[in-house]
Each structure stands twice: as C-alpha cells, then as structure tokens.
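Structural features, examined
The primary structure of each chain is shown beneath.
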Amino acid sequence: MKKKEIFAFTILIAVLSMNMIVGSMAYALDIQPAEDRTTVVNWQVTQAPQTAFNMYFTGAGYCLIEADSTLSFTVGDINGDVEGLLNIGNVSILTNDTDVSRDLVLGVGIFSAFEPGLFVETGTSNFNDLNTSAYTSAERVSGNWMNGTMTSSYGNVTIGDSEFEAITFDYEQDTPFAGDPQRTRLIYDINTGVLLYANTSYWFGAGSEPYWLEIEFRDITYSGPFPPMTLYYIAIACIIVVILIAIVVRQRK
C-alpha cells in the first residue's frame, strides 16, 4: 500500500471512530451507564399530588409524594429505552422511562405518540422526531380523545443557578366530556436530553382527586472511576493523537 493510501486510510479510521462514538448513542453520554459506575439523576418535587395515586404501568402500586422531596432515577441500562431504579415518594421500583412517563403523566395522555418521560434522545433528527410526535399526539382528528393545543419552542431557560439550552413543550387538552383538561409543560435539556422542568395536571376519572405534579431538575451524580464525559474526552483525545502521529509520519517520509 502506498504512503498516501496508508495516510488516507488512517484518517478514515479515525473519523469513523469518532462518528461511531457519538452516533452509536442516541441518548447523551451524560446518562450512559457503565460498568463500575453509577449514574443518578435527581429532581426536586415542588408540587405534589394531594393524595396517593396508582402507578399502574410501573407496577409500583399507590404512590404518595410530599412536596420538597426528591425524585431520583438510577440509570441501569439503555436498550431503546432508559431502564433503572425509580425513587419517588414511598415508591422504589425497577422500571423503564416509558412506564414512568405514563404513570407520572410526562407526556400527552396514555399510549399517545408523545411519551417522552424523564429522558429524551439527543441530536437534531431525534428532536425533530420528538417535535413531530408532540404535535401528532394533540392533533384534532377523529378518534383522538387527547386532541388539543400543542406548542413547542427552543430557547435558553434558567433552572436553579444554571442556564440551559432547551426545548419546551406546552400542551392543553380541549375541553373533555368529563373532568378537567390535561395541562402539561415539559422542558428538556438539548445537550443531555434530561427533563429540566415538568408541570403537569390530569384527571384520572370519577372519584379521583385532581393530579398535579411539578418537578425541577437538580443534578446528575456519578460514583465510580470516571464520569461519562471524561471517558468521551479520553476517546476523542486518543483519536486526535492517532491523526497527529499519522501527519508527522507522513511529513517525515
């Protein structure tokens, strides 16, 4: 193989390696699980339902939450959905983010096209798909009992003492045949895909108390040898070194 071909091949491998590192993970590196490391995402509960409600989809039974408590999710694995340990109120259960979304009403209704939950996939195409699903879920078409008004927007938001680049979804259900309409605001961090803020209310049916939950992102904590972003920077640095070595070798020959 000629020198130029070897050099071009080396650069190609380096570029493909970088693309594989980033492109193989739809969810951000910040929440990726890894051996010997624990990733826990925490939210502050600022408004809690007044009575216990049934967490049917996670199978957790009745959940009672106190205001000013902590909701946490320990990421265990990611297989098309984020799986792990949910702690909220009196509930501690292994589950997945889709079922969490349904039980906590972090989406539009139940079994709709829009059930983002606590975590969403990052990247332009994934946010475009998420945006499409949001509007589809509220579309005023025959058979959609969650029809209503959906809006979305990109912009910077301040949570606590930090500013984030985010996407915001605001939904209000058209007046239903019974009960109060669902009203939900969800804000996601563009970089991590983590839910930054949720304010959601829902009517679970006759005899049930009004459901209203408000949570705000607090932090992501790691325990283990390396936080995920450190591993990412190490990998990128190694690839850059390979490219630089290839350039130096080519110039000397």
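Residues numbered from 1 in each chain as written. Predicted model: local features only at pLDDT ≥ 70, side-chain atom pairs only at ≥ 80, totals over all residues. Heavy atoms only, no water.

What follows is about the nonpolar core. Counting 55 residues, the largest nonpolar core has W43, L104, L118 and F119 as its most contacted members. For L104, the contacting residues outside a window of four places in its chain are F53, M55, L71, I88, T200, Y211 and L213. (Core = buried A, V, L, I, M, F, W, Y, C linked by side-chain atoms within 4.5 Å. Buried < 20%, exposed > 50% of the residue type's maximum accessible area, 1.4 Å probe, protein only. Contact = heavy atoms within 4.5 Å.)

This brings us to the pattern of salt bridges. In a structure, side chains of opposite charge can pair up when their charged atoms sit close to one another. Inspection of every chain in the model, using the stated rule, returns 5 salt bridges. Of the charged contacts in the structure, one is a salt bridge between E172 and R183, with a shortest N-O distance of 3.4 Å. Of this pair, E172 sits in strand β8 (residues 162-173) while R183 is found in strand β9 (residues 183-189), placing the two residues 11 residues apart along the sequence. E172 gets classed as partly exposed once you look at its relative accessible area, which sits at 39%. Several salt bridges converge on common partners, so that one network encompasses D99, R102 and E115. (Salt bridge = Lys/Arg side-chain N within 4 Å of Asp/Glu carboxyl O. Helix = DSSP H or I, 4+ residues; strand = E, 2+ residues; numbered from the N terminus.)

Okay, helix α3 (residues 124-137) next. Helix length check: α3, at 14 residues, gives a terminal C-alpha distance of 20 Å against a target of 20 Å (1.5 Å per residue), a fit within 8%. Looking at α3, one finds that the buried residues are F127, L130, S133, A134 and S137. What you see down the axis of α3 is that its buried residues fit within an arc of 120 degrees, all on one side. Exposed residues lying more than 90 degrees from the buried face of α3 are T124, D129 and T132. (Expected span 1.5 Å × (residues − 1). Arc of directions from axis to C-beta.)

On to helix α2 (residues 97-104). Burial within α2 is extensive, with 7 of its 8 residues counted as buried. Looking at the buried residues of α2, the elements they touch are β2 (53-55), β4 (70-78), β5 (82-88), β6 (91-96), β10 (195-202) and β11 (211-223). Residue N96 occupies the N-cap position of α2, its side-chain oxygen lying 3.1 Å from the main-chain nitrogen of T98. (Polar contact = N/O pair within 3.5 Å; in protein donor to acceptor, adjacent residues only side chain to side chain.)

Function-wise, these values are silent; they only describe arrangement.
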